Amino acid sequence: MRVEIFDLCPENVDEILRVCPPKTSNENVKIGLEIRKDWLLDLYRTIGPCAKITYLNNKPVGMIQYTPLHKIPYFKTERRDVLYIHCIYVKEHVRSRGIGSALLNSLINDMKKPNKLFEGKRCRMLATTARERQGLTQVSYFKSKGFIKTDGNIDSSLVYSLLKTSSKNLDIPHSKPLSIQEDDVKIFFSPTCHMCKYWNENIKAKIREVDPTIKIEECNLWVHSQEALRRGLTSFATYIRGRPVLPMNPQEFWEAIGRLTLETK
Ligand SMILES: CC(C)(COP(=O)(O)OP(=O)(O)OC[C@H]1O[C@@H](n2cnc3c(N)ncnc32)[C@H](O)[C@@H]1OP(=O)(O)O)[C@@H](O)C(=O)NCCC(=O)NCCS
């Protein structure tokens, strides 16, 4: 078994995208793949390689995506020494062979040295979301690899110190999405996942079952970051006439979308 790990570059970006199950026959997934690709390449040009890919016997089987925390525009932080992991994924048929660990260890080794993502300075800590989402296993996986849950903002409170002396407490305010005055729907989504457009369209369809004429806007969190900050958002969320619906288990989520659309009509 030959395992090789490479940093993101324009030549391997399509292979990184295809590691996660892409369901490319769906038109909205195809659009989502383009959104995610643009996000990755834009980061590559402005910050440096923000993903790694693993090949097993020359086949792409795993990937991890990350950015310095202070480069994520909807997180407010003074820290300049924290790397945020957006996601890790290993193809199902090759799991439990150490590929996820190899990706994580490769990233940790890079971050222990002065590196380009931190403009030649040291990274002192890794952070990721502690928000559990049905069907996704990365929170428990990171815990099994030594990440610790801290008291801070749920979307960045699972942390792993690279230096014994570094403070584990992040300065990001708690996620407290505010209700505001507005008449339309705004879907704040993350370009880090190629399923974003697919989910946006499903949300739109559910809302339009109840209110066929309501105006709906899709807001990329990395582009509409000022709006996200104003509302106290640090994760994707759907605002229905100013009332936020946050990630939760799917049944409750769809009920909340339908109910709020009706209540605010
Ligand atoms: C989590 C994941 C990356 C692990 O990859 P992997 O290559 O199988 O990991 P490794 O081989 O390095 O480690 C496997 C070991 O980690 C531990 N482990 C794996 N998944 C775990 C989990 N969810 N919770 C706790 N421990 C876990 C186990 O000890 C496992 O050992 P085992 O083989 O004896 O069961 C992979 O399972 C995956 O991609 N899952 C989906 C992740 C996800 O939801 N990503 C978000 C998508 S947007």
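So, here is what we can say about the structure in this document.

About the criteria used
- Residues numbered from 1 in each chain as written.
- Predicted model: local features only at pLDDT ≥ 70, side-chain atom pairs only at ≥ 80, totals over all residues.
- Axes fitted to C-alpha atoms, helices over the stretch in contact; angles between N-to-C directions.
- Helix = DSSP H or I, 4+ residues; strand = E, 2+ residues; numbered from the N terminus.
- Parallel < 35°, antiparallel > 145°, perpendicular 65-115°, else oblique.
- Left-handed = near helix turned anticlockwise from the far one by under 90°.
- Contact = placed C-beta atoms within 7 Å.
- Nonpolar A, V, L, I, M, F, W, Y, C, P; charged D, E, K, R; others polar.
- Near = placed C-beta within 6 Å.
- Expected span 1.5 Å × (residues − 1).
- Buried ≥ 20, exposed ≤ 12 C-beta atoms within 10 Å, placed from the backbone.
- Arc of directions from axis to C-beta.
- Pairing = 2+ DSSP bridges.

**A few points about the packing of helix 5 (residues 196-210) against helix 7 (residues 250-263)**
- Where helix 5 contacts helix 7, the axes come no closer than 9 Å and their chain directions differ by 40 degrees. Between helix 5 and helix 7, the crossing angle belongs to the class labelled oblique. In this structure, helix 5 crosses over helix 7, and the sense of that crossing is right-handed. Residues Ile203, Lys206, Ile207 and Val210 of helix 5 touch helix 7, and the partners they reach there are Trp254, Ile257, Gly258, Thr261 and Leu262.
- Of the residues contributing to the contact of helix 5 with helix 7, the split by class is six nonpolar, two polar and one charged.

**Focus: the site of the ligand**
- In the vicinity of the ligand, 18 residues are found, and the nearest of them are Arg95, Ser96, Gly100, Ser101 and Ser140.
- At the level of elements, strand 4 (82-90), helix 3 (99-112) and helix 4 (138-144) are the ones that each hand at least two residues to the shell around the ligand.
- Taken together, the residues of the shell around the ligand sort by class into eight nonpolar, eight polar and two charged.

**A word on helix 7**
- Taking 1.5 Å per residue as the helical rise, helix 7 with its 14 residues ought to reach 20 Å, and the 20 Å between its terminal C-alpha atoms agrees with that figure.
- Every buried residue of helix 7 is listed here: Ile257, Leu260 and Thr261. When helix 7 is viewed along its axis, its buried side chains cluster within an angular range of 100 degrees and face the same direction. Among the exposed residues of helix 7, those oriented more than 90 degrees off its buried face are Gln251, Glu252 and Glu263.
- Against helix 5, strand 10 (237-240) and strand 11 (243-245) lie the buried residues of helix 7.

**A short note on unusual backbone geometry**
- With a phi angle near 65 degrees, Ser96 is a residue other than glycine that sits in the positive phi range.
- Within the secondary structure, Ser96 is located in the loop between strand 4 and helix 3.
- For Ser96, a count of 7 C-beta atoms within 10 Å gives the class exposed.
- Of note, the phi angle at Glu119 is positive, near 50 degrees, even though the residue is not glycine.
- Take Glu119: it is sitting in the loop between helix 3 and strand 5 (125-128).
- Taking the number of C-beta atoms within 10 Å as the measure of exposure, Glu119 has 11 and is therefore exposed.

**A word on helix 5**
- If you check helix 5, its first and last C-alpha atoms are 22 Å apart, about what 15 residues at 1.5 Å a residue would give, namely 21 Å.
- Within the sequence span of helix 5, burial applies to Cys196, Lys197, Asn200, Ile203 and Ile207. All buried residues of helix 5 fall inside an arc of 120 degrees around its axis, so they share one side. Exposed residues pointing more than 90 degrees away from the buried face of helix 5 are listed as Ala205 and Glu209.
- Taken together, the buried residues of helix 5 touch helix 2 (27-46), strand 8 (185-189), strand 9 (216-220), strand 10 and helix 7.

**Thoughts on the sheet that holds strand 11**
- With mixed pairing, four strands are arranged side by side in an open sheet as 9-8-10-11. The sheet terminates laterally at strand 9 and strand 11, the two strands that pair on one side only. Across this sheet, the average inter-strand angle for adjacent strands is 20 degrees, counted without regard to direction.
- Alignment of strand 8 against strand 10, held across four bridges, turns out to be antiparallel. Its bridge partner lying in strand 10, Lys186 is registered against Tyr239.
- Contacts from helix 5 reach strand 8, strand 9 and strand 10 within the one sheet, and its direction differs from that of strand 8 by about 160 degrees.

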